Amino acid sequence: MISVKTIKIIGQYADQYTSLENKIKTVLKPTEDLQKTTEKLLKIANETRSGLDATVTLYSRLTRNTKDLNLSQAELFEVTELINKSFAVSGANAQESSAAIILLSQAMASGTLRGDEYNSVSEQAPVIMEALIEKLQIGRGELRKFAADGKITSKILIDSLREYKGVIDRDFGKASAT
């Protein structure tokens, strides 16, 4: 016999899944498939050892806030995966990563990475800072000033991650799953 507690937990999972699907539905183009998108994001979350909610939130905010960059769905999946891997190789635990990924997605929503979002990403995913330093050819102190001035745009962040992909993938490949 199924207990009331079990039914309540099943109901909570169903509500969470519906919430995730709704986040995805709001950013899908008419030619994109909800089931395939959900499956791909689940695969990204699993392979990068990241939370599904944080992964879906990141993807949906990236999609919504980078329209001017004309990124394809495949490119958005790639950036989502790179960001998740960046947190994983930096040694942040799942809870820390999820919180920082949410803050990073908020930065993407505002169009710039600065303030609390910058501090959180800097602490939880220094690999992202390394990608920015490499792209911008500046030092850490200069990067902090660059961020404070609102100059780390979504485009700069995405371009730096994509250019640093080889390093991120290499380091992620060396890391052990927890």
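Quantities reported herein were computed from a predicted structural model and do not represent experimental measurements.

## As for the overall build of the chain
Stage number 1. Of regular secondary structure, the chain possesses 10 helices and 0 strands.
Stage number 2. Each helix (α) and strand (β) of the chain, taken in turn from the N terminus, gives the series α-α-α-α-α-α-α-α-α-α.
Stage number 3. When the 178 residues of the chain are sorted by exposure, 39% land in the buried category.
Stage number 4. A total of about 9,600 Å² of accessible surface is found on the chain, and carbon and sulfur atoms cover 52% of it.

## Comments concerning the confidence of the model for the chain
Stage number 1. Considering every residue of the chain, the mean pLDDT works out to 86; 85% of them sit at 70 or more.
Stage number 2. Ranking the helices and strands of the chain by mean pLDDT puts helix α7 (residues 126-136) first, with 96, and helix α1 (residues 4-25) last, with 66.

## Points about helix α4 (residues 73-89)
Stage number 1. Taking 1.5 Å of rise per residue, the 17 residues of α4 would be expected to cover 24 Å, and the 24 Å separating its terminal C-alpha atoms lies within 8% of that figure.
Stage number 2. Buried residues of α4: Gln73, Leu76, Phe77, Val79, Thr80, Leu82, Ile83, Asn84, Lys85, Ser86 and Phe87, and no others.
Stage number 3. One or two steps after α4, the chain reaches Gly91, where phi turns positive at roughly 90°.

## A closer look at the environment of Asp68
Stage number 1. Relative to the assigned elements, Asp68 resides in the loop between α3 (52-65) and α4.
Stage number 2. Overall, Asp68 belongs to the exposed group, its relative accessible area being 63%.
Stage number 3. Separated by 87 residues in sequence, Asp68 and Lys155 have C-alpha atoms that sit 9.4 Å apart.

Calculation rules
For every chain, the first residue of the written sequence is number 1, and numbering continues from 1 onward in sequence order. Predicted model: local features are reported for residues with pLDDT of at least 70 only, side-chain atom pairs are reported and counted for 80 or more only, and whole-chain, interface and lining totals are derived from all residues. No hydrogens and no water enter the side-chain calculation; it runs on all heavy atoms of the structure. The secondary structure listing takes helices from DSSP runs of H or I that are at least 4 residues long and strands from runs of E that are at least 2 residues long, numbered from the N terminus. Burial status follows relative accessibility: with a 1.4 Å probe on protein chains alone, a residue under 20% of its type maximum counts as buried, one over 50% as exposed, and anything between as partly exposed. Note on areas: Shrake-Rupley with a 1.4 Å probe; residue coverage comes only from the protein chains shown. Values of pLDDT, ranging from 0 to 100, describe the predictor's confidence in every residue of the model. Helix span is expected to be 1.5 Å times the residue number reduced by one.

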